[in-house]
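Listed below, chain by chain, are the residues.
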Amino acid sequence: MKDQHMSTNIPCSKILLAGNEGCRVTYCETHQTTELEIGAFSLRLDIEAFSTLNHLINEANSKIHALHASQQSYNHLIQKLKDAY
């Protein structure tokens, strides 16, 4: 059974939420979906899936920052040890 919210007969009413060169996020009020566009790639998600993706990306980003911070601390410590001898 086809979801009436996703009917292609009803035109989208899109709002630009965020964007820059080559990347943007829009929200369709009609279908209550978000659309992530990266270059020619487009990903349409319902609000719950978009929120889950956002959480996943934020978690990954936090781990990248933590990894870089620990690598910098390690490199700084090694340099101090080298300078001491």
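Residues numbered from 1 in each chain as written. Predicted model: local features only at pLDDT ≥ 70, side-chain atom pairs only at ≥ 80, totals over all residues. Heavy atoms only, no water.

Regarding the pairing of strand β4 (residues 41-46)
When strand β3 (residues 33-38) meets β4, the two strands line up antiparallel, connected through 6 bridges. Bridged to Glu 35 within β4 is Arg 44. (Pairing = 2+ DSSP bridges. Helix = DSSP H or I, 4+ residues; strand = E, 2+ residues; numbered from the N terminus.)

As for unusual backbone geometry
The phi dihedral of Gln 32 falls on the positive side, at around 50°, and the residue is not glycine. Tracing the backbone through its elements, the reader meets Gln 32 in the loop between β2 (23-28) and β3.

Details of the sheet that holds β2
With antiparallel pairing, 4 strands are arranged side by side in an open sheet as β1-β2-β3-β4. Each edge of the open sheet is held by one strand with a lone partner, namely β1 (14-20) and β4. Averaged over all pairs of adjacent strands, the angle between their axes in this sheet comes to 15°, without regard to strand direction. Each of β2, β3 and β4 is contacted by helix α1 (residues 47-84), which is oriented at about 115° to β4, the strand it contacts most. (Axes fitted to C-alpha atoms, helices over the stretch in contact; angles between N-to-C directions. Contact = heavy atoms within 4.5 Å.)

Section: the environment of Asn 58
Take Asn 58: it is sitting in helix α1. On the accessibility criterion, Asn 58 (42% relative accessible area) is partly exposed. Along the chain, Asn 58 and Ala 40 lie 18 residues apart, while their C-alpha atoms are 23 Å from each other. (Buried < 20%, exposed > 50% of the residue type's maximum accessible area, 1.4 Å probe, protein only.)

Side note on the pairing of β3
For β3, the buried fraction is high: 5 of the 6 residues fall into the buried class. Note: β2 against β3, 6 bridges, orientation antiparallel. Its bridge partner being in β3, Tyr 27 is matched across the sheet by Thr 34. Connecting β3 to the next strand, β4, in antiparallel fashion are 2 residues, including Gly 39 with a positive phi near 60°.

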